[in-house]
Amino acid sequence: MVMSIADTVLEKLRAVLILIFILGVWLPDQTFAQASGSGAQVDVGAQTDVDGARHTVDAEGVPMLEIKNVGKVHHPAWTALYALSYAGIEVYDSSLGLVKDHDKFEACIRWLMSNLKQDSHGLWVWEYSFNSTYNDVSMRSPWSSAFAQATGIQALLAAYRLDGNKQALDAATRAAVSLMTPISKGGFQFESGADMWFEEIPASADNPSHILNGHMRVLLALKELVDITGEADVKQSLKVGLDTLYRWLPLYDTGYWLRYDLNPKKEELLFRLANPYGFKNLALAIDKIRLVDPDTGKEAVLDVGAPDDAEGPLRIAGTDWSAAEKIDDRSVRRLVPSELDNTPDRVGAPHTYFYFELPAEWKNNLRRNNYNLFIDYLDDHAGNVAVQQRSIAPGIAFKDVRDGDLHLTGENIWRTWMIPVRVNDLGYWVGFTYAEKHSEYLRKIATWDPRFGDWSALAQGYLNLAKNDSPQKIINQPQSEVQSLKNTPVVPLLSLDKKGVVMQHFADSHTKWSKNGTFDPSGGKGTPSYSPYLIAEQLLSGEGLAGAETFGLNVSDIKREPALDWLLNPKNYYNVNGAHIYQYYFDNVYNDIATKAPWPSAFGQAYVLKSLIFAKKQKLRGDLEGNIAAAATAYDVPVEQGGFVSIDKSGLKFYEEVPNRTHVLNAHAVSVPELAAAARLLSDKQIQSYSDQGVQALKDKLYLYDTGYWLRYDQNPKKELLLQLDWHEGKVSPLIHDVLLENPETGSAVRILPGDSGDFDGVSRLSGTDWQAAKQVDGKLVRGFSDGYQVHPEPVNGGTRQNAYMVLALPAQKFDDYFNVPVHKLTIHYKDIAKGRFSINIQSINAGSALKFVPLRGSQWITTGDQEWKKVSFLVRPQDIGWYKGADYQKFEVNQLQRIASLTYDQYFYQYAMRHRYFLETQKKVKW
């Protein structure tokens, strides 16, 4: 159904007409005005408030909706929905209190039968008799809708199933024809290449808004019709519609909510600059902010510090901007270091807001290219500032823009930082009603098309997070199946086989290790095995093979030719339709991921490709073009066929180091430039497409590796999290009664009950010396914790100065695709007994076994001392729960990102390389 004012301006209604006078301008809520497709202004009051309508029924039970500024009207879709409720099939809105009633069901069916009429195109449709507007889309009466057609068809099919009403079945079949008719011929079908969408609002014909719930409702209706009639054309339309939904769903995904449609908000785009951890902002000087459309080159420019910077469609707002000043002949304003207000659904006076509009005319609702937001600032403060955007979901005020962290080192230099603004993030506000329908429809579709299982879980997870409901199931002792496995033990020895090919050694039953963990050669040399990566390195380096002498080789014995012979020998690669895939023949375990031999690796394949290109350029052998092409073609072989290519639910290809969909970053990153090199050498567009696809996936996913201080190794999460309750201000801690870590997609959670017996035992437990004794308050067992900074002048042995820890296991520990690990929710139930300020920290991934902690984003916890029982929730992102990764891997990945930046001339990759090189250099200076 068309989204109404009840959803699009809910945040305005929650703070009606709170006018804030700031910097000489009024700060309106972002939904006070929207832009129409023609560019004219549309007053919010003109929105057609269908959700806010008063429902009445006539004597027979047929609904009438009394809509503000419209009057009392029949509504085809609601009549069908009432019919389904009266039939006991579906309760669309439980607040209406509809119960099963066969007489009223038949009355609604009669209304639907009598009002299904042929339009001017000869199609059988239900028409709306009133004008309607939602967001910036308006329809003139009479208009019709794919949603009404779908619900009407479902109601008629219910009449056929319940009463054997053949006329109802015939009417449903006639009504379905319009769904399979192009918009240009009066129907509801939008086509774009192989894609087809059922349009809830079929206007304009060439660029409709592509409403998500409407399309899915049609799919549900067509599935019912196919099950009854088996009509081939209906079945084909259903198939194409499902395929299109699968391809388009990524366009609706903001990373925390699903959009209503693909028609973007074009004006009053609201952003702010904030400390992402919830602490005070830095006094950062901002000069200019620009939003650039790379497709047209047009830009919208906000000159911060100019006399009119708080006026017009591009403007600053909020009380946390300083007065304008001059720095290096630039007019700037600084961020005011005040406390931030993260009240859900509220846009209040504090903060450093800025408003933008799209810089060029929006022409294509299927656009996928990002906009680029450029911020000019003086980097004179080390710390953290991120760009955040107004959320489109209830219960969430602002969300970090993906890839939205500025680079701050305190070097006192001017920087221009580019932040992608994804088209996914340009949607209108979407309330719980439509979020629930998105989840419900995806769940139903997934029962007969398993491709949508991940999307169904995602939508439900978003909904659970926003609703902040209690978890459905408590798991006491989650166990990982491979939790007890140890990483594959590699013996520090290399050898050459009889032909001079380098081999790597692995521990076997005879291998001995000393008490301090070093290799004891008295037990034997272990078992040698071929490593395509090492053999490729032998070809590339010859006598210069890194570590050769250290690991037992005489460098004069290392030759390139044996390595090349090995790589060219068909016995040493796996042939899949002409693609040569090099495999590893030893079992491999890293962290808690086990891979049985043989297994392919994009990392090793990239080096094989690199070495073959080297051999070609050095003329070490004659015709190598075919071998290079065959090695590159391996980047098109999916994991399911013995390759190392995975495809995620967004349709993006990732090149896997191990074929377990853990998405190791270095393997994918090194593959991209090596594929590009092969494509240049061979002038091969297909191979170039593999490199381009790798770039596309990296731009979409790199933010998931960015912890804010380090890059994650892969997306496989650590299964037990070590959290610290940190102390910033106050004399007394809150009294903690209950701690929950929830997976919102499964509704399951693990729990710690501080004060209960065994709260320091088990998988999920308390830890550390700064927890206070258990006591009972108001009939509840609780524990407080001490200010360790007052107790411990230095870190305690084996700990830190602040030693109030919590160990929490992930409630679900297995994932089919590790890109689908959801944001988890940490909830603490406590009694607020004194004013204070605390934060939740998590163990850093770049410090090894050292107890170094970093704060979770938005983890500031303020207590007021009002003596109330409360709960506070924090988000634990996938980025926060990686395994330890050393500096060598960070250096390698930074180098690959720099190579990709040089390859693509893309500022995005230059910035990532620069920022994470800074983290690498900073880490080198730290002594744990």
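Preceding this paragraph is the structure being described.
Residues numbered from 1 in each chain as written. Predicted model: local features only at pLDDT ≥ 70, side-chain atom pairs only at ≥ 80, totals over all residues. Heavy atoms only, no water.

Draft legend 1. Structural view of the overall build of the protein chain. What the protein chain contains, in helices and strands, is 19 helices and 51 strands. Computed over the C-alpha atoms, the radius of gyration of the protein chain is 31 Å, within 12% of the 30 Å expected from 2.2 N^0.38 for a compact globule of 928 residues. Reported as C-alpha extents along the three principal axes, the dimensions of the protein chain are approximately 95 × 70 × 65 Å. Within the span of the protein chain, comprising 928 residues, buried residues form 59% of the whole. Counting contacts in the protein chain only where the partners sit at least 6 residues apart, residues at least 24 apart contribute 70% of the total. Carbon and sulfur atoms provide 49% of the accessible area of the protein chain, an area that totals close to 36,800 Å². Across the protein chain, the 97 positively charged side chains and the 111 negatively charged ones have centroids separated by 3 Å. (Helix = DSSP H or I, 4+ residues; strand = E, 2+ residues; numbered from the N terminus. Rg over C-alpha atoms; globule rule 2.2 N^0.38 Å. Buried < 20%, exposed > 50% of the residue type's maximum accessible area, 1.4 Å probe, protein only. Contact = heavy atoms within 4.5 Å. Areas by Shrake-Rupley, 256 points an atom, 1.4 Å probe, with all protein chains shown as cover. Lys, Arg positive; Asp, Glu negative; His and termini not counted. Charge placed at Lys NZ, Arg CZ, Asp CG, Glu CD.)

Draft legend 2. A look at the pattern of salt bridges. This model, assessed by the stated rule, comprises 54 salt bridges. Among the ionic contacts, a cluster of salt bridges with common partners joins Asp-400, Asp-405, Asp-706, Arg-857 and Arg-915. (Salt bridge = Lys/Arg side-chain N within 4 Å of Asp/Glu carboxyl O.)

Draft legend 3. Just the layout of surface pockets, in detail. Here the second largest pocket is characterised by a volume of approximately 1,400 Å³. Around the second largest pocket, the lining comprises 39 residues; the ones closest to its centre are Gln-504, Tyr-533, Phe-603, Glu-657 and Tyr-889. The set of elements that each furnish at least two residues to the lining of the second largest pocket consists of β28 (490-496), β29 (502-506), α11 (532-541), β36 (588-590), α13 (602-617) and α18 (887-904). If you tally residues by element for the lining of the second largest pocket, the top one is β28, at five residues. Grouping the amino acids of the lining of the second largest pocket by side-chain chemistry returns 24 nonpolar, twelve polar and three charged. (1 Å grid on protein atoms, 1.4 Å probe; cavity = no way out; pocket = protein on both sides within 12 Å on 5 of 7 lines; lining within 4 Å. Points joined across faces, edges and corners; volume = space filled by probe spheres on them. Nonpolar A, V, L, I, M, F, W, Y, C, P; charged D, E, K, R; others polar.)

Draft legend 4. Looking closely at the side chain of Ser-439. Note on placement: Ser-439 falls in helix α9 (residues 432-446). We classify Ser-439 as buried; its relative accessible area is 1%. With residues near it in sequence (within four places) discarded, Ser-439 still touches Ser-456, Ala-459, Gln-460 and Leu-463.

Draft legend 5. Broad picture of the sheet that holds strand β25 (residues 398-405). Taken in spatial order, the five strands of this open sheet run β19-β22-β16-β24-β25, and their pairing is antiparallel. Either end of the sheet is taken by a strand with one partner, and the two such strands are β19 (315-317) and β25. Strand after strand, the sheet turns through a mean of 35 degrees between neighbouring axes, direction not considered. Pairing between strand β16 (residues 269-274) and strand β24 (residues 386-390): four bridges, direction antiparallel. Of the residues in β24, the one forming a bridge with Arg-272 is Gln-388. (Pairing = 2+ DSSP bridges. Axes fitted to C-alpha atoms, helices over the stretch in contact; angles between N-to-C directions.)

Draft legend 6. Representation of helix α3 (residues 76-86). Along α3, eleven of the eleven residues are buried, which leaves the element largely enclosed by surrounding structure. Every buried residue belonging to α3 is among Pro-76, Ala-77, Trp-78, Thr-79, Ala-80, Leu-81, Tyr-82, Ala-83, Leu-84, Ser-85 and Tyr-86, and all of these are buried. Looking at the packing, one finds that the buried side of α3 touches β5 (54-57), β6 (63-67), α4 (102-115), β10 (127-128), α5 (146-163) and α7 (212-229). Where α3 terminates, the next one or two residues include Gly-88, which has phi positive at roughly 75 degrees.

Draft legend 7. Main features of the pairing of β6. A large share of β6 lies buried, amounting to four of its five residues. Looking at chain direction, β5 and β6 are connected through four bridges and run antiparallel. Across the sheet, residue Arg-54 finds its bridge partner in β6, namely Glu-66. In sequence, β5 turns back onto β6 through a hairpin of five residues, with Gly-61 there showing a positive phi of about 100 degrees.

Draft legend 8. Quick peek at the packing of aromatic side chains. For the structure shown, the criterion picks out 47 aromatic pairs. Between Trp-727 and Phe-785 the ring centres are 5.6 Å apart and the planes differ by 85 degrees, which places this aromatic pair in the edge-to-face class. Placement of Trp-727 in strand β41 (residues 720-730) and of Phe-785 in the loop between β46 (780-782) and α17 (788-791) is noted, with a sequence separation of 58 residues between them. We note that Trp-727, like Phe-785, is buried. Measuring from ring centre to ring centre gives 5.2 Å for Tyr-908 and Tyr-912, while their planes differ by 55 degrees; the resulting arrangement is tilted. Taken together, the positions of Tyr-908 and Tyr-912, both in helix α19 (residues 907-924) and four residues apart, correspond to about one turn of that helix. Here a set of aromatic residues connected by ring pairs shows up, and it is made of Trp-727, Trp-771, Phe-785, Tyr-830, Phe-838, Trp-861 and Phe-874. Residue placement shows Arg-367 over the ring face of Tyr-371; its charged tip is 4.0 Å from the ring centre. (Phe/Tyr/Trp six-rings, centres within 6.5 Å; stacked < 30°, edge-to-face > 60°. Lys NZ or Arg CZ within 6 Å of the ring centre and 35° of its normal.)

Draft legend 9. Here's a closer look at the packing of α18 against α19. For the pair α18 and α19, the least separation of the axes is 8 Å and the interaxial angle reads 155 degrees. It follows from the interaxial angle that α18 and α19 lie roughly antiparallel. You can see that α18 and α19 cross each other, and the crossing is left-handed. Across the interface between the two elements, Ala-887, Gln-890, Lys-891, Val-894, Asn-895, Leu-897, Gln-898, Ile-900, Ala-901, Ser-902 and Thr-904 of α18 pack against Phe-909, Tyr-910, Tyr-912, Ala-913, His-916, Arg-917, Phe-919, Leu-920 and Gln-923 of α19. Looking at side-chain class alone, the contact of α18 with α19 contains eleven nonpolar, seven polar and two charged residues. (Parallel < 35°, antiparallel > 145°, perpendicular 65-115°, else oblique. Left-handed = near helix turned anticlockwise from the far one by under 90°.)

Draft legend 10. The sheet that holds strand β32 (residues 527-529), seen in detail. The antiparallel open sheet is built from three strands, whose spatial order is β28-β29-β32. On the outer flanks of this sheet lie β28 and β32, each paired with one strand and no other. Here the average twist between neighbouring strands, direction ignored, is 35 degrees. Relative to β29, β28 runs antiparallel, the two being bridged by five bridges. Bridge pairing links Ser-495 to Met-503 in β29.

Draft legend 11. Seen up close, the nonpolar core. Core analysis: the biggest nonpolar cluster contains 99 residues, and Leu-245 and Trp-257 have the highest contact counts within it. The biggest single contributor to this core is α5, with ten residues. In contact with Trp-257, not counting residues within four places along its chain, are Tyr-252, Ile-392, Ala-393, Pro-394, Val-430, Gly-431, Phe-432, Ala-435, Tyr-462, Leu-463 and Ala-466. With 51 residues, the next largest nonpolar core counts Ile-535, Val-576, Ala-634 and Phe-892 among its residues. (Core = buried A, V, L, I, M, F, W, Y, C linked by side-chain atoms within 4.5 Å.)

Draft legend 12. Unusual backbone geometry, seen in detail. Omega for the bond connecting Ala-203 with Ser-204 falls within 30 degrees of zero, at -10 degrees, which places this linkage in the cis form. Assignment of secondary structure puts Ser-204 in the loop between β15 (195-198) and α7. Of note, the amide linkage connecting Ala-597 to Pro-598 takes the cis form, showing an omega dihedral of -5 degrees. Secondary-structure assignment places Pro-598 in the loop between β37 (593-595) and β38 (599-600).

Draft legend 13. Spatial organisation of the pairing of strand β42 (residues 735-743). Along β42, eight of the nine residues are buried, which leaves the element largely enclosed by surrounding structure. Alignment of β42 against strand β48 (residues 824-831), held across seven bridges, turns out to be antiparallel. From the neighbouring strand, Leu-735 faces β48, where its bridge partner is Lys-831. Here β42 pairs with strand β43 (residues 748-752) via five bridges, running antiparallel. When the bridges of β43 are listed, Leu-741 appears paired with Val-750.

Draft legend 14. Molecular detail of the packing of α11 against helix α12 (residues 560-568). Taken N-terminus to C-terminus, the directions of α11 and α12 make an angle of 135 degrees; their axes are 8 Å apart at the nearest point. The pairing of α11 with α12 is recorded here as oblique in orientation. Considering the relative orientation of α11 and α12, their crossing is left-handed. In contact with Pro-532, Ile-535, Ala-536, Gln-538, Leu-539, Leu-540 and Ser-541 of α11, α12 contributes Arg-560, Pro-562, Ala-563, Leu-564, Trp-566 and Leu-567. Taken together, the residues of the contact of α11 with α12 sort by class into ten nonpolar, two polar and one charged.

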